[in-house]
Every structure is written in C-alpha cells, then in structure tokens.
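# Structural overview
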Amino acid sequence: MSDETGSVSEAEIAVHWGEEAYFTPPESFVAQANLTDRDIRKRYSLENFPNYYEDFANLLSWDRKWDKLLDSSNPPFYKWFVGGRLNVSYNCIDRHLEKYRNKTAIHFVPEPENEHIEHVTYQELWVKVNEFAAFLRDKVGVKQGDRVTIHMPMVPELPVTMLALARLGAIHSVVFAGFSAKACAGRIVDSESRVLITMDGYYRAGTLLDHKEKADVACDEASAEGQKVETVLVWQRYPGRYSSPTPLKAGRDLVVNDELPAFRGKRVAPVSVPAEDPLFLMYTSGSTGRPKGAQHSTGGYLSYVTWTSKMIQDIHPDDVYWCMADIGWITGHSYIVYGPLALAASTVIYEGTPTYPDAGRPWRVAEELGVNIFHTSPTSIRALRKAGGGNPEKYNYHFKHMTTVGEPIEPDVWKWYHKVVGKGEAVIVDTWWQTENGGFLCSTVPAVDKMKPGSAGPPIPGIHPMILDEDGNRMPAGTGKAGNICIENPWPGMFQGIWHDPDRFVATYFTKYNKNPKSKDWRDWPYFAGDGAMLAADGYFRILGRIDDVINVAGHRLGTKELESAALTVAGVAEAAVVAAKDDIKGVMPEIYVSLQPGVEANAAMAKKVSDAVAKEIGPIARPRKVWLVPDLPKTRSGKIMRRILAAISNNNPDTGDITTLANPEMVEQIQKIHQAG
Ligand code: WTA
C-alpha cells in the first residue's frame, strides 16, 4: 500500500470490514436473465483464450469480418479483430431501425421538473446524427481520424455529437462539463483538437449555468499553449434561443441550431473503419501532473461494452435503463451511450443533480419512465441515504437490477441500497473497473453468482485477475491480506495506449511486474491496475482503493499532483501536499496542507485563495474539504514530503508511524495542534 498519499487509511478501513452473508438473486430475475450458464467461466478459461472473445464481437454488425482475432505479437500493444471493419453509429442506430424505429432510444429528463421529458426515438436519433454529421463534414471539415474535443453537459445533443463523430470515423474526446476551462484547454492541446463542441448553458442544482464562458477561456489557454481552436460549435440548451451571457465570437463560433436547418434531410453513409481505429480518448488522472489520454479502439471497445451491457447489466431491448453517471466519464461512455444503444435499449439521460429539488427526484423519474435497471455510485447512494432517501416506497417503480460503480461500497450502504432503493426485489452488481479498461473487470454475473455486500465479486467471465505481492508473487485466496490486483490476459475493451505516449503506457501499467521487457509472450505482461485488493476464499475480490497518487473523490479520479500544482499557483504559497481524508458521503475528500513563503500571513483569506485556485484550475469537484496552513510540511532528510503522516492527522489517526527519521519531527505535533484547533 502507498505510504505517501494516505490511501492506506482507506484501505485499512476496508480490510477490516467483516465477511458478509450472501444474498441470492431473485428467481424472477433469473428467469428472464440473458446469461444463466453456470459454466461460463469454465468456457472462458485461459485455455480457451482468446477464442471466447468471438462471442463478444458476434454481438455487433461488421462490414467485414476480422482475419485475426488477436494479434499479440508486440505486447503490451495488442490488436483485436484485425482486418475487421465496422462503424459504431451504424451499430448503435442504423441496425435497429428495421425493428425499433419508433422505440425510444433516449429519454431526456431536464433538471427543472416543469420541463417536459423528451423522448428521442431511434428514427429521430438517426436523423439528428445524420444531419449533424453532414454539417460537421461539409461545413466544419471534420474528417476521419481528426480529434474533436467536446465539453458538454448531460443533454441528448451530447450522444448525438459523439455518434455523429463516430459516423465520420473522427475521434472524440469528451471533457466532463464540470471541469474547468483550464482542464478543457489541456485536453484540447494534448489531443490537438481544431474543433471544440460545447453548449451555451445547462441546469445544475436549480441554476442555469453559463457554460459558453468556459469555451472562450479554454480556447485562449489552448492557443497560448500553441493549439489554435479554429471552430467552436455551440449547441443551444433551448433550441432557437441563446442562453448564455457570453457573446459569440465572429469567425470562430457557430451556433449549431442555426446551422442545422441547411442540412435537413441530409444523410451520411457511415464510414467503415478498421476495428483498430481509435473511437475516442478519455483523459484520466495519473500520478504525475499531466492527465493521460486513454485511447480506446472501435471494434474491441464496442464488443466489450456490448457484451458486458447484455450479460452483466442484463439489458434487453425492452428495458428502460438509467445510469446516473455523467457521460463525461468512462461509465457514461460505456454504460449510458455505447453499450445500451448497441443493444437497442432505452437509455435515460438526466441533466442535473440527483437530489434536486429533493431526494425523491430519482424515484419520480423511475416511476414516470418505468425504469427497471438503475446504475449509480456509492457516493450518490450515501448522499440519498443522508437526505432521508426520498421515500422510494411512496413511488411505484420496480427495479429488476441495480449497479454500483466507482468506489468501494460499505456493506451497510449496500444493504440500504438493496432494501430501500431496490425494495428488496433487485439483483445488485458491484462492478469494478477503470477508465483504461473500457468495461467491467470484476462483478457477479447477476443470475449466476450470489451477491456479497462490500465485494465486487468474481471476475467478469474471460477476465483473469490475480493478486500479486510487491515482489510479484501470486498471493493465494483467503489469506486476509491485501496486494496489488493485476489482470493476466489482454481483453478487447482494454485501452490501446496513452495518446502519443507509448512509454508512459508501458511504464505505468506494465513495468512493475514485467520480468522481461523483450518478451513477446502476453503472459509476461500482466496489467497492473493500481488498486489494492483482497481475494477471499470464495474467489470474490474486494477492492480497497488506489495505491498510487490518485484520490478517488465521489468516484472521480483526481491526481494529488494536479491539486498540489493548482495550490502552488497562489502567490505566497511555498509548498503544498494533498492527502485523502475519509468522508461520510464522498468516500474520501482531498485536504491540502500548505506552507507559506516567509512574510506571508497565514489567515482565512489565504486558505480561501488556495481552495478557490483548486476549484478554478481543475473544477468544483476538486475543491478541498479543508486547507491547513502550517509552518512547514513534515519531510525526510532528503526533502521528501511525508504525506502518510499528514494523512494520519487528517483521518484522526493518532498513529503517525515512525517520525524519528524526519528532518523536522517537531512539525508533527505542531500540525496536530493546528488540526485539533480546527
Ligand atoms: C475505483 C471508473 C471499488 C478503483 C469506472 C479504480 C472501484 C478507480 C470500483 C477507477 C468498485 C471503480 N469498487 N473501487 N466497484 N469501481 N473503483 O477510471 O480505485 O474513473 O481504480 O473508472 O475507481 O476510476 P475511473
């Protein structure tokens, strides 16, 4: 476990959760489930690798079948379905038209409760995607392979934009709308985007936010870093009305809703791309300051999310499926947009805050739309529970299936989710995976495996995880000890690499446990996930949390280095160290310890400046719970900041470990006093 970031404390808490009793999947669920084969993991054993991945690819419509299922000649760079060609928007829309033309593809729920819910049928989605793709191609000049940055909120125009780009074979890079202009700029620069697609405004917790403002700042910042954005496309939250106080910039900005009428009736043939062409980039935090662009493929990615959506989410075309994540994160890409639409389901997009205007909102939406599959994070579940739960029993909805994702879920919270939200009727899957993985890696198969609160469960069929100790030895099941979870085999959903940075890809995910960098055998290249985990005697994995310099706040990954460098932008700040502090709702939250330059006064205004700088540089989700102004940070004699000690203090853990080797051991007591004084 890390001794630097404080994630050790989170892990320790999880390790001490006791073993829980199993819950059995309800018969009614099993009777209708897509996957009931109890031998599935035997069929998908390593002896049969990689052939079983044909089943995944066979869920898609290919323009040309692959010649080679897996090319593993250059590990850890793998090519899946080599020679195959397909188009993602065809698979998510066109192929459903014959049977499901009039079926709802997207239910859009605006945050203001007095606005009508919009139901977009597959036919309508097809028309919108075609017209927008024609506009992108013919007016904006977007071509196959171009990268386009999207900074949009939770509105149906977001999947329309993604699918239109995919139709053209262009690569999208969606930036979470809550991220700052600066974060958006960094992603524009790294992906070399010439086009930015945004929206004028959107609702969040009752306020219509000005979102266009961020596009202007992002373009200025990007151009200062050498990447000029030539075109900004602005969707209108209310078509026909511009809802932002920020003016349009002539020559650069185009209002999409004004342009589209010229493309009415235009159709764009889906560009048939090689399976290995990238579909999108998704930036995620790592242990250095620079977010990395996880590059996902077309054929492998779509096969993987479609199979897992069908078998683990148990999505049928008749289901109304609601994942409350944001499309700006990987969960939203895989399990709001691509997986559900590839299966012709109806997917719900909710614009706003789940507890707005009250905690009953999700249940009113579920009742009104007949949602029967529900997917959210432990943070949202904890927030709903704290807000009193919103009385789910008052609303007439029935979930057959519920998902939790993004963080470890406490067994108590799991049981509340099961009993109160699921009314004791729903099966639950606790799905563990990461941005880099494309789709789920560990989860129960809902009709086959029993549920165990607090444990993600066995591997997804076909995935072969193992727990390795620091020296690379495989740890047996049932020891009660934690180690590093790794995946033995490649899988089609796994990212192809970090955009423009193959060395960082190898160094971050493979070097730790690769014994021979020249080896051409995939067995020598286990994927190192960066999570601590335990394997129980029953084969269930319990994920304990990050072991690197990443803090998982409300299921969102934040790099401690990113927060620290944001704090250092404040004049007068000398040094900054970020730690993860346990939080009742969000799992953990960042706290920042800051030392000031000589002569700078430590006061509340200064602490606020640091906090504001972090929110501005990264986004409000990164705002620290507390900024501690301290005379100096505890350091080793070689000058290394001891974050472990600060984490113990933030978590009210009296055991700060051995401090005798510090250069300034007296600091520990002083900081403890500052902490106690609040
Ligand atoms: C954590 C989100 C415990 C984990 C899909 C991982 C989880 C990081 C779970 C990835 C889970 C995700 N139980 N921890 N079910 N799911 N995590 O890239 O630490 O935003 O490494 O992907 O979230 O976060 P990311």
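Since the model is a prediction, treat every value here as computed from it, not as a measurement.

Now for the packing of aromatic side chains. A full pass over the atoms with the stated rule returns 47 aromatic pairs. Relative to Trp525, the ring of Phe510 lies with its centre 6.4 Å away and its plane at 70°, an arrangement referred to as edge-to-face. Pair noted here: Phe510 is in the loop between α17 (502-509) and β24 (527-535) and Trp525 is in the loop between α17 and β24, with a separation of 15 residues, a long-range link. You'll find Phe510 and Trp525 in the same group, each marked buried. With centroids separated by 5.9 Å and ring planes inclined at 75°, the aromatic side chains of Tyr513 and Phe528 adopt a geometry described as edge-to-face. Pair noted here: Tyr513 is in the loop between α17 and β24 and Phe528 is in strand β24, with a separation of 15 residues, a long-range link. On the accessibility criterion, Tyr513 (6% relative accessible area) is buried. Residue Phe528 is classed as buried on the basis of its relative accessible area, which comes to 12%. An aromatic cluster of at least three residues, connected via ring pairs, comprises Tyr44, Phe49, Tyr52, Tyr53, Phe56, Trp62, Trp66, Trp80, Phe81, Tyr304, Trp307 and Trp522. Stacked on the ring of Phe179, the Lys or Arg Arg187 has its end atom at 4.8 Å from the ring centre.

Our focus in this paragraph is the sheet that holds strand β11 (residues 231-235). Ordered in space as β12-β11-β8-β6-β7-β14-β15-β23, the eight strands form an open sheet in which the pairing is mixed. Two strands bound the open sheet, and with one partner strand each, they are β12 (253-255) and β23 (497-498). In the packing of helix α8 (residues 157-168) onto the sheet, the strands contacted are β6 (147-151), β7 (171-174), β8 (195-199), β11 and β14 (278-284), and the crossing angle to β6 comes to about 175°. Against the sheet, helix α13 (residues 330-342) touches β7, β14 and β15 (292-297), its axis set at about 140° to β14.

Definitions and cut-offs
Residues numbered from 1 in each chain as written. Predicted model: local features only at pLDDT ≥ 70, side-chain atom pairs only at ≥ 80, totals over all residues. Heavy atoms only, no water. Phe/Tyr/Trp six-rings, centres within 6.5 Å; stacked < 30°, edge-to-face > 60°. Helix = DSSP H or I, 4+ residues; strand = E, 2+ residues; numbered from the N terminus. Buried < 20%, exposed > 50% of the residue type's maximum accessible area, 1.4 Å probe, protein only. Lys NZ or Arg CZ within 6 Å of the ring centre and 35° of its normal. Pairing = 2+ DSSP bridges. Contact = heavy atoms within 4.5 Å. Axes fitted to C-alpha atoms, helices over the stretch in contact; angles between N-to-C directions.

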